[in-house]
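What follows is each chain in one-letter form.
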Amino acid sequence: MQTVAPQSASTQLKPPVTSVGVIGWVKSNLFNGWFNSLLTLVCGYLIFRTVPPFFKWAVVDSLWFSTSEACRNADGACWSIIPANIRFITFGFFPSEQQWRPLLAMVILVVLLFYSQNRKRWRKSLAYIWALALVAMGLLMKGGLFGLPAVDSAQWGGLPLTLLLSVFGLTAAYPLGVVLALGRQSRMPAVKSLCVVYIELIRGVPLISLLFMSSVVFPLFLPEGVTVNNILRAQVAIILFTAAYIAEVVRGGLQGMSKGQYEAAESLGLNYYQTMRLIILPQALKIVIPPTVSILISAFKDTSLVVIIALFDLLKTTQSVLSDPQWRGFSNEAYIFIALIYFACCFFMSNYSRRLERELDTKY
Amino acid sequence: MVEEKIQTAGQQAIIEIKNMHKWFGDFHVLKDINLQVGKQERIVICGPSGSGKSTLIRCINRLEEHQRGQIIVDGIELTNDIKNIEKIRAEVGMVFQHFNLFPHLTILENLTLGPIWVRKVPRKDAEETAMYYLEKVHIAEQARKYPGQLSGGQQQRVAIARSLCMKPNVMLFDEPTSALDPEMVKEVLDVMISLAREGMTMLVVSHEMGFAKSVAHRVLFMDGGEILEQNNPEDFFEHPQHDRTKLFLSQILH
């Protein structure tokens, strides 16, 4: 009896090799046809004209730790503006001998954010850790206890302020947005119309005008002698604004859910809250991760608008440095640096969202 | 076979439907339905599409609301009282045409969700029960997988097991095999037949006439929102009374 050869012709057949070596790849991808060849040449020329000069400016001719006078005589980038002013850019008017406090608060925040990335750690204990960390961060920023000198919030600024506004803005806006989306789907007319009016009103107004209203109009309605902290008002404006956008995205996700999922949940006897919490929201929120993250990222960047109500966030502290006669004229370097910080944060968010999507994918 | 069926059909009614009407907008979808289902009775409902058969069984656990008449399940009348509805839904299992498993949960989690959250069973016990029923539908080895990784027939068996985990008194099946590939119909019907042997009260909307012949006590024929004819399977298939029943049977039996 003849046994079938373990590697018959059919099992040996491999997918066709589309390229042979580097030259083959270049030929088939960059120079296949006159149009693509032309494009390749044009792009090559543009890259040649832009990248080497930028590299020369940013790296070869650049100065990293020098005085501003030295910079003015050099051809390259003056990165020295960053280390020379790093403390003001980062912490604003926070008293300089106390600046370890916001630094520590930020370290706590970043460490916790990274620690919380892993979904396996999302337990009750993590919530307690966060609560504890919040108290610690608040104490570090505000002081006034345990021998820490009090620092008025008017002196908060720079990166801690940006992180504060965005991290709390986003984490508060998200659940609020979900509640608004559910409210908009409610069968109770009062709840529904309230949510619709809220969402449409807020979405119809630019964030800048909300911030203005929070700092100019809102205090007019407060009783005599009562003041609400400027940062808190900006924070609330950001939360309310972002929540309206998140609500609409979440509503899209809710509408994408099939009726069968509701019916299956209901036919098990689950009540409305259980159905939403256990069945509908986990799926709907997963579907809308990409647009939600877009909103969170843009909300993060929009926190820089608080400059218009005289809060010294990261962008404003940088601009202040640039208005210093000594460093005037080095705005390219300063803005590139700020852009990199913003980019790092946004890239982290979008990266993490992709990881979440991957982890939550159940192949349905 | 016949003897056994008659013996197991109890006299006590577990579902009572009296003069029930339902409209979708202006469309009168169910007209004056009267139906009594005894404990351990098995009823197969057939009829052309749009005849209201799915709507009828969906009214029994209030996935659809009736507008006139009475529906009493296990001694509880279905009204707008949400607590009663949830109580009845927990007692009445439902299997859907499109399975409707929860795709974000594993098979095991699909099965334990109801018992844990509605029946307040401890997780460990709920998982034991779930594994027992998964064994029963011959799918225990898939417990850790997600619904999307299973075939249609496997998913439907999981859906049946999910309902059974709630220890229901009545099981409703809404065309459980019509979304399946032909080669998977049998594995699902086999599970339903074994369920029938154990004395489960079942209402099955189905065109599986073989299934009706072998397990049903009664076959109902619906058309235009009415129950036109009902009889035991032998007489129903051998001597249909109504012209429309004859026409329908000739169409589906080829």
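Given the structure is predicted, the values throughout are model-derived calculations rather than measurements.

A. Expanded view of the side chain of Thr201 of chain B. All names here are of chain B. Within the secondary structure, Thr201 is located in strand β8 (residues 201-205). A polar contact is formed between the side chain of Thr201 and the backbone nitrogen of Gln40, at a distance of 2.8 Å. Polar contacts involving the side chain of Thr201 include one to the main-chain carbonyl oxygen of Asn169, which spans 3.4 Å. Not counting the four nearest positions on each side in its chain, Thr201 is found in contact with Ile14, Val37, Gly38, Lys39, Gln40, Glu41, Asn169, Val170 and Met171.

B. Summary view of the packing of aromatic side chains. Within the structure shown, the criterion is met by 11 aromatic pairs over all chains. Their ring planes at 45° and their centres at 5.1 Å tell us that Phe114 of chain A and Phe348 of chain A sit as a pair that is tilted. On the criterion of sequence distance, the pair formed by Phe114 of chain A in helix α6 (residues 100-116) and Phe348 of chain A in helix α16 (residues 331-360) is long-range, its members being 234 residues apart. Its relative accessible area of 46% is what places Phe114 of chain A among the partly exposed residues. Their ring planes at 45° and their centres at 5.2 Å tell us that Phe221 of chain B and Phe248 of chain B sit as a pair that is tilted. Here Phe221 of chain B, found in strand β9 (residues 218-223), pairs with Phe248 of chain B, found in helix α10 (residues 243-253); they are 27 residues apart in sequence, far enough to count as distant. Take Phe248 of chain B: its relative accessible area is 6%, and that puts it in the buried class. Sitting over the ring of Phe312 of chain A, Lys316 of chain A keeps its end group 5.9 Å from the ring centre.

C. Here's a closer look at the pairing of β8 of chain B. Residues and elements named next belong to chain B. Within β8, 5 of the 5 residues are buried, which leaves the element mostly enclosed by the surrounding structure. Side chains Thr201, Leu203 and Val205 project from β8 onto one buried face, and the interleaved Met202 and Val204 project onto a second face that is buried too. For strand β3 (residues 42-46) and β8, the ladder comprises 4 bridges, and the chain directions are parallel. When the sheet's bridge partners are listed, Val44 is paired in β8 with Val204.

Calculation criteria
Residues numbered from 1 in each chain as written. Chains lettered and ligands numbered in written order. Predicted model: local features only at pLDDT ≥ 70, side-chain atom pairs only at ≥ 80, totals over all residues. Heavy atoms only, no water. Helix = DSSP H or I, 4+ residues; strand = E, 2+ residues; numbered from the N terminus. Polar contact = N/O pair within 3.5 Å; in protein donor to acceptor, adjacent residues only side chain to side chain. Contact = heavy atoms within 4.5 Å. Phe/Tyr/Trp six-rings, centres within 6.5 Å; stacked < 30°, edge-to-face > 60°. Buried < 20%, exposed > 50% of the residue type's maximum accessible area, 1.4 Å probe, protein only. Lys NZ or Arg CZ within 6 Å of the ring centre and 35° of its normal. Pairing = 2+ DSSP bridges.

Everything listed here is a matter of coordinates, which is why it stays silent on function.
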